[in-house]
Amino acid sequence: MQEASFSGLLKTIMWVIAFYYIFKFLARIFLPILVKKAVENASENFQRQQQYNQGNTYQNSSNNNTNDEIIINTANAKNPRATKKVGEYVDYEEID
């Protein structure tokens with residue numbers, strides 16, 4: 001069985017500090033590269049979605065041009081959304 005020693009504690013603390021500074025140094029080098037790649041991937045996905053949506057809009061508009069019929073949904077106009085009426089606002093003043 002091993003016993004704890006002061007020199008072992010100091011070695012452990014030094015290793016923790018060394019790993020901390022090594023990790024900090026490597027993060028400064030590689031983190032900007034990783035963030036840049038993540039932003040590029042997000043940008044490409046966004047552009048792909050925009051192109052897909054524009055293609056669908058074009059197809060929908062070309063389909064609507066063949067029909068000269070306009071459909072208006074009046075279900076919401078007949079039944080407006082009810083608003084909650086909680087009560088009046090009362091402003092209280094402090095009395096000294």
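Residues numbered from 1 in each chain as written. Predicted model: local features only at pLDDT ≥ 70, side-chain atom pairs only at ≥ 80, totals over all residues. Heavy atoms only, no water.

Asks: Is there a simple way to explain the overall build of the protein in this structure?
Replies: A tally of helices and strands in the protein yields two helices and zero strands. Counting only residues that meet the buried cut, the protein has 0% of its 96 residues in that class. Total accessible area on the protein is roughly 10600 Å²; 58% of this is exposed by carbon and sulfur atoms. (Helix = DSSP H or I, 4+ residues; strand = E, 2+ residues; numbered from the N terminus. Buried < 20%, exposed > 50% of the residue type's maximum accessible area, 1.4 Å probe, protein only. Areas by Shrake-Rupley, 256 points an atom, 1.4 Å probe, with all protein chains shown as cover.)

Asks: What is the right way to look at the packing of aromatic side chains in this model?
Replies: In this description, a pair of aromatic rings is defined by centroid distance and the angle of the planes. Throughout the structure, instances matching the rule amount to two aromatic pairs. Taking 5.2 Å as the distance between ring centres and 75° as the angle between the ring planes, the aromatic pair formed by Tyr20 and Tyr21 counts as edge-to-face. For Tyr20, a relative accessible area of 48% puts it in the partly exposed group. (Phe/Tyr/Trp six-rings, centres within 6.5 Å; stacked < 30°, edge-to-face > 60°.)

Asks: I tried to follow a nonpolar patch on the surface on my own but got confused; where do I start?
Replies: On the surface, Trp15, Phe19, Ile22, Phe25, Leu26, Ile29, Phe30, Leu31, Ile33, Leu34, Val35 and Val39 cluster together to form a nonpolar patch covering roughly 1200 Å² of accessible area. By the element assignment, Ile22 lies in helix α1 (residues 6-66). (Patch = residues over 30% accessible without salt bridge, like charges linked within 9 Å, V, L, I, M, F, W, Y side chains within 5 Å. Salt bridge = Lys/Arg side-chain N within 4 Å of Asp/Glu carboxyl O.)

Spatial relationships are all this shows, so hold off on functional conclusions.
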